[in-house]
Each structure stands twice: as C-alpha cells, then as structure tokens.
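So you can see what is in the structure, the chains are spelled out below.
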Amino acid sequence: QTKPDRSLAPCYAIAMSAPRVLVPLAEGFEEIEAITIIDVLRRADCDVIVAGIPAGPITASRKTRHLADTSLAEVLLWPFDAIVLPGGRPGADALASDEGLRQKIWEHFASGALTAAICAAPMALDAAGVLAGRRFTCHPTAAPEIRAGIPTGQRVETDGPLITGQAAASALAFA
C-alpha cells in the first residue's frame, strides 16, 4: 500500500487505502459547512472521522442535533491525511480554544499535510499558529479576530497544504 501523493487533491484515487480525514464538530457548528464537507469527502471515498467536542449529541447553529462518530479525545493520536474544520459560531470558538486540537493542527500542518477551515474556523488555524505568512480567507466577521496571515477575501483560498473557505455559500466549492 502507498500513501497518497500530498501534492494532489486529498482524495485522489491513487492510494490503496482511503485517505483518512478528521472533521471535528463543536456545539454551534454551521450545518451547511459540516454536512457538505462530510458528504463530499465520503462521496470521494475518503475515510471521514467526525469527532465531537464534547462526546455525545452536538447541537449545531440552527438547533439541529448531530451524532459524531467518536469524541475528539479518542482520535487525537490517530494519523490523518487531512484535517478539515467547519465554521459557525460558537463552534469555531470551541475549536480554537481546544488545546488538544490546536496541538494536533500544529503538528499536522508542520508535517505538510492538508489542513483546511471554512467560515470562522480559520480562527482555530490562527490559534494553532499555522496562518503566519499564509494567504487565507474566512467569514468577514471573523477576519478582524485573526492575528496572522494574509486575508484575501476570496470564496476559497489555497496556499500550499492550506485551504480556507469564506462562508456557507462557498461550502461546496471549499469541500
């Protein structure tokens, strides 16, 4: 078995095994972004692990309730080919404040692996220290809270192994 070529799209079918993707969800996540990410990546035959902060049912921004596959604490030591963060508030705030996730994002990105966030979730990338010197986009209301990086205002922005999306309206293009 071979590992996927990270220079190609994350779910390009050259690997013998499906790329493993972490999608963490926290209370108040944006439904359209999370479900679109999970749906598109599973359709592309990625092994998507939806990890909740906390474990158990998670209420999204529009008060729909969702069940994660597992808790974030259970998978923090697992290797992933990609980490993709959905936005929404206060979900993105919870992702940014989770110390274990910040460390996981830092190590993952430092290894050159695909790291992505949409809407307000680039705040978690900023908190993890991975935006410095990188082009990114995010929801306009979150931009003033991000200390590092180069905001572009694009619907979707790619800078090496970093992919960011602006908002719910760009969820499909981002995914």
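Please refer to the structure higher up on the page.
Residues numbered from 1 in each chain as written. Predicted model: local features only at pLDDT ≥ 70, side-chain atom pairs only at ≥ 80, totals over all residues. Heavy atoms only, no water.

A. Broad picture of helix α4 (residues 99-110). When the terminal C-alpha atoms of α4 are compared, their 17 Å separation across 12 residues agrees well with the 16 Å that a helix rising 1.5 Å per residue should span. Within the span of α4, buried status applies to L101, K104, I105, H108 and F109. Here the buried residues of α4 occupy an arc of 120° about the axis, which is enough to place them on one side. The exposed residues of α4 that point more than 90 degrees off its buried face are E99 and A110. Its side-chain oxygen at 3.2 Å from the backbone nitrogen of G100, D98 defines the N-terminal cap of α4. (Helix = DSSP H or I, 4+ residues; strand = E, 2+ residues; numbered from the N terminus. Expected span 1.5 Å × (residues − 1). Buried < 20%, exposed > 50% of the residue type's maximum accessible area, 1.4 Å probe, protein only. Arc of directions from axis to C-beta. Polar contact = N/O pair within 3.5 Å; in protein donor to acceptor, adjacent residues only side chain to side chain.)

B. Region of the structure containing the pairing of strand β7 (residues 114-118). The buried fraction of β7 is high, at five of five residues. Side chains L114, A116 and I118 of β7 all project onto a buried face; the interleaved residues T115 and A117 project onto the opposite face, where all are buried too. Pairing analysis gives four bridges linking strand β6 (residues 82-85) to β7, with the strands arranged parallel. Each bridged residue has a counterpart across the sheet, and for A82 the counterpart in β7 is L114. One ladder, built from four bridges, connects β7 with strand β11 (residues 162-165); its direction is parallel. Paired with I118 across the bridge in β11 is G165. (Pairing = 2+ DSSP bridges.)

C. View of the state of the cysteines. Enumeration according to the criterion identifies zero disulfides in this entry. Left without a disulfide partner, C119 is nearest to the cysteine sulfur of C138, which lies 8.3 Å away. (Disulfide = S-S within 2.5 Å.)

D. Quick look at the sheet that holds β7. The strand order across the open sheet built from seven strands is β5-β2-β1-β6-β7-β11-β10, with neighbouring strands paired in mixed fashion. Two strands bound the open sheet, and with one partner strand each, they are β5 (70-71) and β10 (156-159). Two strands pair when backbone bridges link them, and β10 and β11 are joined in this way by four bridges, in the antiparallel orientation. Its bridge partner lying in β11, E157 is registered against T164. Along the sheet, helix α1 (residues 31-43) contacts β1 (20-26), β2 (47-53), β6 and β7; its crossing angle with β2, the most-contacted strand, is approximately 155°. Sitting on the sheet, α4 is in contact with β1, β2, β6, β7 and β11, with an inclination near 135° to β6. (Contact = heavy atoms within 4.5 Å. Axes fitted to C-alpha atoms, helices over the stretch in contact; angles between N-to-C directions.)

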